[in-house]
Structure formats: structure tokens, C-alpha cells
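# Remarks on the overall topology
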Amino acid sequence: KGTYETETISREFDKIKITEYMLLKPGEQTGKKYFLTANKVFTLALAGMLILLAVFIQKVRTEIIAKRKNAALLQKMNAQLEEKVLERTDALEKSKHLLSETFDRITDAFVALDENWCYTYMNKKAGELFNRNPGQMIGKHIWTEFPEGVNQPFYNAYYKAMETQQYIYLEEYYPPYDNWFENHIYPSPN
């Protein structure tokens, strides 16, 4: 009887094992499928992220290269512009020096005023005549420097010349300097 019961128990145990195996086997297959699917999805996601990372790195690299090229081009253009400015400045200085030398060779007093009645030029002879340093007169207002000339014939002639934009010749005695002056006034809009 003990052997029969043992065999019965053993058979029942085997049935339970088979049933358990039969029940677990489909779940194991499904689990393997889910695992393989999840593994594929993870692999594709990882590959996609790596591709996006590579594209991003390439884009950043391209932008950095473009910025470096632009910076180099800008630096080159700035250097060229600076060179042109220096050349033009040098040419203007030479021209100004030549013009100044020409005006200084004029034996008569010569001055130039802007539209605000400020000196833009005074030659040496004018400086001697008015007892002023020509270089220090640049930018100074004529009627502030020579207030005694206001409402004198010269003052009126200057304003008339500017108003009409016509050449005016004037010869007058100027009491503050106790001298006769001959003026040739050549106006221009500026």
C-alpha cells in the first residue's frame, strides 16, 4: 500500500509538473517575444539617439566653422578698411598740408569761415595782421574774437555776401586797427 500511494503521489506530482509546464510555456514564449521586442525598440531608440547626437554635433561643428570663417573675413575686412582709412587720412593730411603751404605763400591776409562764422583757416599773414595765433583761431567765432567789428561795414558785407551768395569787394577804414582794409569776400553755402 505504501508503494501504491507513493506512485499515486508521484503521478499526481508529475501531472502537476506537466500542467505547470504547459501553463508556464506560453508565458515564457510571450515573455521572450516581449523581451525581444523591447530589446529591438531599445536598440532602435538608442540608434536614433546616436544619429540625432551625430547630426547635432555636425551642425554645431558646421556653425563653429562658419563663425570662424566669418570672424576671419570680418577681421580681414576690418584690416582692409583700417588700411584704407589710414591711406585716405594720409592723403587728406598731405592735401591739407599742401593747401596750407599754398595759402601761407599768399602775401595777403586770408581767412576762411564756416556757416556758423567760425574760423576754419587763417594764414600766417592774417595772424600777424590781427595779432593772433592762426592755429588757435580754428573753431573760434569771428564776432566773439572781434566784437568791435559787429555792425561795422565789414560785418554787414559778410552777411550780405552769405545771404546773396555773391562776391563782394569792400575797401574800408577799420578804426579798431587804425588801418584801411581791402576785402574780397567769396561766399559759399558752407
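Residues numbered from 1 in each chain as written. Predicted model: local features only at pLDDT ≥ 70, side-chain atom pairs only at ≥ 80, totals over all residues. Heavy atoms only, no water.

The next thing to look at is the pairing of strand β4 (residues 179-185). Looking along a regular strand, one sees the side chains alternate between the two faces of the sheet. The pairing of strand β3 (residues 168-174) with β4 spans 7 bridges and is classified as antiparallel. Paired with Y169 across the bridge in β4 is H184. What sits between β3 and β4 in their antiparallel hairpin is a turn of 4 residues, with D178 showing a positive phi close to 50°. (Pairing = 2+ DSSP bridges. Helix = DSSP H or I, 4+ residues; strand = E, 2+ residues; numbered from the N terminus.)

Before going further, it helps to examine the environment of L113. Along the chain, the position of L113 falls in strand β1 (residues 111-113). By relative accessible area, L113 is classed as partly exposed at 24%. Note: C-alpha distance between L113 and F154 (41 residues apart in sequence) is 14 Å. Residues within four places of L113 in sequence aside, it is in contact with C118, Y119, T120, I142 and N190. (Buried < 20%, exposed > 50% of the residue type's maximum accessible area, 1.4 Å probe, protein only. Contact = heavy atoms within 4.5 Å.)

Taken together, the side chains of F42, L46, M49, L50, L53, F56, I57, V60 and I64 present a nonpolar region at the surface, about 890 Å² in accessible area. Within the secondary structure, L46 sits in helix α1 (residues 2-105). You can call L46 partly exposed: its relative accessible area is 40%. (Patch = residues over 30% accessible without salt bridge, like charges linked within 9 Å, V, L, I, M, F, W, Y side chains within 5 Å. Areas by Shrake-Rupley, 256 points an atom, 1.4 Å probe, with all protein chains shown as cover. Salt bridge = Lys/Arg side-chain N within 4 Å of Asp/Glu carboxyl O.)

A word on the packing of aromatic side chains. For the coordinates displayed, the defined rule picks out 17 aromatic pairs. With a centroid separation of 5.7 Å and an interplanar angle of 70°, the aromatic rings of F154 and Y174 are classed as edge-to-face. Of this pair, F154 sits in helix α5 (residues 153-164) while Y174 sits in strand β3; the two residues are 20 residues apart in sequence, bridging distant segments of the chain. Where Y167 meets Y186, the ring centres are 4.8 Å apart and the plane angle is 35°; that geometry is what we call tilted. Placement of the pair is Y167 in the loop between α5 and β3 and Y186 in the segment after β4, with a sequence separation of 19 residues. For Y167, a relative accessible area of 40% corresponds to the partly exposed category. Residue classification places Y186 among the exposed positions, given a relative accessible area of 64%. An aromatic cluster of at least three residues, connected via ring pairs, comprises F130, F146, F154, Y174, Y177 and F181. (Phe/Tyr/Trp six-rings, centres within 6.5 Å; stacked < 30°, edge-to-face > 60°.)

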